[in-house]
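Structural overview for review
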Amino acid sequence: MRTVVGPAFRDVFCRTAPPARLLAPRVLLCTFLLPRRPGLPDPPTTVEAP
């Protein structure tokens, strides 16, 4: 699945493909079906001294 989304994003970013490529059905389905990564942990509440 990632072999579809990555190249599509790169092509649009490098301006070798139109932005509509990111809305292609195959790219959208892969984006929605990819497993989600866990989010970042909460930031620390205090700043440690160096």
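1. Overview of the pattern of salt bridges
Going through the model one piece at a time under the given rule, you end up with two salt bridges. Between Arg10 and Asp11 there is a salt bridge, and its shortest N-O distance comes to 3.5 Å. Under the relative-accessibility criterion, Arg10 is labelled partly exposed at 47%. With relative accessibility at 15%, the residue Asp11 sits in the buried group. Among the charged side chains, a network of salt bridges with common partners joins Arg10, Asp11 and Arg21.

2. Remarks on unusual backbone geometry
With a phi angle near 65°, Arg15 is a residue other than glycine that sits in the positive phi range. Examined against the element boundaries, Arg15 turns out to sit in the loop between helix H1 (2-13) and helix H2 (25-33). A residue is classified by how much of its surface remains accessible, and Arg15, at 75% relative accessible area, is exposed.

3. Some points on the environment of Thr31
As for its placement among the helices and strands, Thr31 is situated in helix H2. Residue Thr31 is classed as partly exposed on the basis of its relative accessible area, which comes to 32%. For the pair Thr31 and Val4, spaced 27 residues apart in sequence, the C-alpha to C-alpha distance is 9.1 Å. With sequence-adjacent residues up to four places away left out, Thr31 is seen in contact with Val5 and Arg36. Engagement of the side chain of Thr31 in a polar contact is seen with the backbone oxygen of Val27, the distance being 2.8 Å.

4. A look at the environment of Phe13
Mapped onto the fold, Phe13 is located in helix H1. Between the alpha carbons of Phe13 and Arg26 there is a distance of 18 Å; along the sequence they are 13 residues apart.

Basis of the calculations
Residues numbered from 1 in each chain as written. Predicted model: local features only at pLDDT ≥ 70, side-chain atom pairs only at ≥ 80, totals over all residues. Heavy atoms only, no water. Salt bridge = Lys/Arg side-chain N within 4 Å of Asp/Glu carboxyl O. Buried < 20%, exposed > 50% of the residue type's maximum accessible area, 1.4 Å probe, protein only. Helix = DSSP H or I, 4+ residues; strand = E, 2+ residues; numbered from the N terminus. Contact = heavy atoms within 4.5 Å. Polar contact = N/O pair within 3.5 Å; in protein donor to acceptor, adjacent residues only side chain to side chain.

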